[in-house]
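# Survey of secondary and tertiary structure
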Amino acid sequence: QVQLVESGGGLVQAGGSLRLSCGASGRASRPYAMGWFRQAPGKEREFVAVVNWSGGTTDYTDSVKGRFTISRDNSKNTVYLQMNSLKPEDTAVYYCAASTTTWGIVKRGTDFPTWGQGTQVTVSS
């Protein structure tokens, strides 16, 4: 059973940057595709970014393309989300999630059975 712990959230001014980290423990023998999702107050959870098992394939929701970068370091069992040029509309609780996909990428929340507790990101205008 994989357990995930996010860190790196906080308060930042618009235009600033943050890097989120997600540490995984108890993982299976092969890394799975990992994703970041977010949920703003009063809104549904939405997909943000995904990286495949090797780190060689990524995908993003349109609103963060060119600003956010997802990456992973399998030697450290850690996934990162570098967020640049942050906007007030990026304010949300950000969740790290582990899929059971070992060969590609997935983007639906239902494809990720394991979730972290979330970390708050607040962007002030």
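Now for a description of the structure that goes with this document. Fair warning: this is a prediction, and the values are worked out from it, not measured in the lab. (Residues numbered from 1 in each chain as written. Predicted model: local features only at pLDDT ≥ 70, side-chain atom pairs only at ≥ 80, totals over all residues. Heavy atoms only, no water.)

### Observations concerning the pairing of strand β4 (residues 34-39)
Burial runs high along β4: five of the six residues are buried. The sheet contact formed by β4 and strand β5 (residues 46-51) spans five bridges and is antiparallel. Residue pairing for β5: Arg38 is matched across the bridge by Glu46. As consecutive antiparallel partners, β4 and β5 are separated by six residues, and within that stretch Gly42 has a phi angle of approximately 75°, a positive value. Strand direction decides the pairing type here: β4 and strand β9 (residues 92-98), joined by six bridges, are antiparallel. Considered in β9, the bridge of Phe37 is made with Tyr95. (Buried < 20%, exposed > 50% of the residue type's maximum accessible area, 1.4 Å probe, protein only. Helix = DSSP H or I, 4+ residues; strand = E, 2+ residues; numbered from the N terminus. Pairing = 2+ DSSP bridges.)

### Re the packing of aromatic side chains
What the rule picks out here adds up to four aromatic pairs. Ring geometry for Phe37 against Phe47: centres 5.8 Å apart, planes inclined by 75°, an arrangement best described as edge-to-face. Here the residue Phe37 occupies a position in strand β4, and Phe47 occupies one in strand β5, the gap between them amounting to ten residues. Each member of the pair, Phe37 together with Phe47, is buried. Among the aromatic residues, those joined into a ring-pair cluster are Phe37, Phe47, Phe112 and Trp115. Positioned above the aromatic ring of Phe37, the side-chain terminus of Arg45 is 5.8 Å from the ring centre. (Phe/Tyr/Trp six-rings, centres within 6.5 Å; stacked < 30°, edge-to-face > 60°. Lys NZ or Arg CZ within 6 Å of the ring centre and 35° of its normal.)

### Some remarks on the nonpolar core
By size, the foremost hydrophobic cluster in this structure holds 27 residues, and its most contacted members are Trp36, Leu81, Met83 and Tyr94. Counting residues per element, the ones that place at least two in this core are β3 (18-25), β4, β5, β7 (68-73), β8 (78-83), β9 and β11 (119-124). When residues no more than four places from it in sequence are discounted, the contact partners of Tyr94 are Glu6, Leu20, Trp36, Phe37, Arg38, Val48, Phe68, Leu81, Met83, Gly118, Thr119 and Val121. In this structure, Phe47, Val50, Ala97 and Val106 belong to the second largest nonpolar core, which totals seven residues. (Core = buried A, V, L, I, M, F, W, Y, C linked by side-chain atoms within 4.5 Å. Contact = heavy atoms within 4.5 Å.)

### Concerning the state of the cysteines
The tally for this structure, following the rule as stated, stands at one disulfide. Between Cys22 and Cys96 runs a disulfide, and the two sulfur atoms are separated by 2.0 Å. With the S-S bond torsion at -80°, the cross-link from Cys22 to Cys96 turns out left-handed. Of this pair, Cys22 sits in strand β3 while Cys96 sits in strand β9; the two residues are 74 residues apart in sequence, bridging distant segments of the chain. Here Cys96 falls in the buried class, since its relative accessible area comes to 0%. (Disulfide = S-S within 2.5 Å.)

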